[in-house]
Amino acid sequence: DIRSSLDKALSEGKTFRDFQKELKPTLQKKGWWGEVVVVDSKGNAEKVQLGSMYRLKTIYSVNMQVAYQTGRYKTQVDNVDNRPFWEYVAVLDSKTRPEHAQLHGLVFRYDDPFWASFYPPNGWRCRCRVNALSPKNLVKKNVKPSSSAGLLSQEEQLVSKKSGEYKPVTVYTDPLTNKKIAPDVGWSHNPASG
């Protein structure tokens, strides 16, 4: 139901308000919205709220951002003969994650392995993007492209303190600061390339 509502919202250009107005009654009718008692494997009962406007807004905004970035990626790939260098661009405001801000301004060739894990979005509600640059743009900006050779690795990161589950993430080590930067757990891939 959520997937088909998202597809409809995307294809029809619906706002979040329209999306949640149509989806919430469906979720309520199917028992996926409201307070319920959940019992874990040890028999502990806990009252939980299924569904929330915040969660719906996150689902909506993340899926719209992934769809938008997928379109950008495909357009940029189609234009690599003219603009083969890609620049990571973060919003740089108070909501920007420090790791994303550290990636701001990095330039790699479009086929550098960096983009397989770091093409945005790189987490829930990530607003980063990529600018495609020509060789003339590099000269004008006085920028030399980087290479991620030897700077990418895999590490296990905690998914949930409650479950103790870990998952692998790709890590980029900044050659200037030696600081390790990773996308959020579960976002170590280019959602547009698959």
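For the structure, see preceding data.
Fair warning: this is a prediction, and the values are worked out from it, not measured in the lab.

A. Quick peek at the sheet that holds strand β7 (residues 166-173). Taken in spatial order, the three strands make up an open sheet running β6-β7-β8, and their pairing is antiparallel. A strand with exactly one partner marks an edge of an open sheet, and here the two such strands are β6 (152-158) and β8 (180-181). Two elements, β6 and β7, share seven bridges in a ladder whose sense is antiparallel. Bridging from a neighbouring strand, Leu152 pairs with Tyr172 of β7.

B. Inspection of the environment of Glu22 at higher detail. Positionally, Glu22 belongs in helix α2 (residues 16-29). Taking the relative accessible area as the measure of exposure, Glu22 reaches 38% and is therefore partly exposed. In this structure the C-alpha to C-alpha distance between Glu22 and Ala9, which are 13 residues apart in sequence, comes to 10.0 Å. In this structure, Glu22 is in contact with Lys8 and Lys14, ignoring residues within four places of it in sequence. In this structure the side chain of Glu22 is engaged in a polar contact, spanning 2.5 Å, whose partner is the side chain of Lys14.

C. Representation of the pairing of strand β2 (residues 45-50) in the model. As defined by bridge partners, strand β1 (residues 34-39) adjoins β2 across six bridges and the pair is classed as antiparallel. When the sheet's bridge partners are listed, Val38 is paired in β2 with Glu46. What sits between β1 and β2 in their antiparallel hairpin is a turn of five residues, with Gly43 showing a positive phi close to 90 degrees.

D. Seen up close, α2. Taking 1.5 Å per residue as the helical rise, α2 with its 14 residues ought to reach 20 Å, and the 20 Å between its terminal C-alpha atoms agrees with that figure. Of all the bends in α2, the greatest reaches close to 25 degrees and is centred on Leu23; the proline Pro25 follows between one and four positions later. Those residues of α2 that fall on the buried side of the exposure criterion are Phe16, Phe19, Gln20, Leu23 and Leu27. Of the surrounding secondary structure, the elements contacted by the buried residues of α2 are α1 (2-12) and α3 (53-78). Of the residues one or two after α2, Gly31 is the one with positive phi, at around 80 degrees.

Basis of the calculations
Residues numbered from 1 in each chain as written. Predicted model: local features only at pLDDT ≥ 70, side-chain atom pairs only at ≥ 80, totals over all residues. Heavy atoms only, no water. Pairing = 2+ DSSP bridges. Helix = DSSP H or I, 4+ residues; strand = E, 2+ residues; numbered from the N terminus. Buried < 20%, exposed > 50% of the residue type's maximum accessible area, 1.4 Å probe, protein only. Contact = heavy atoms within 4.5 Å. Polar contact = N/O pair within 3.5 Å; in protein donor to acceptor, adjacent residues only side chain to side chain. Expected span 1.5 Å × (residues − 1). Bend = angle between axes of the 7 residues up to and from the residue.

By themselves, these observations are geometric and do not establish any function.
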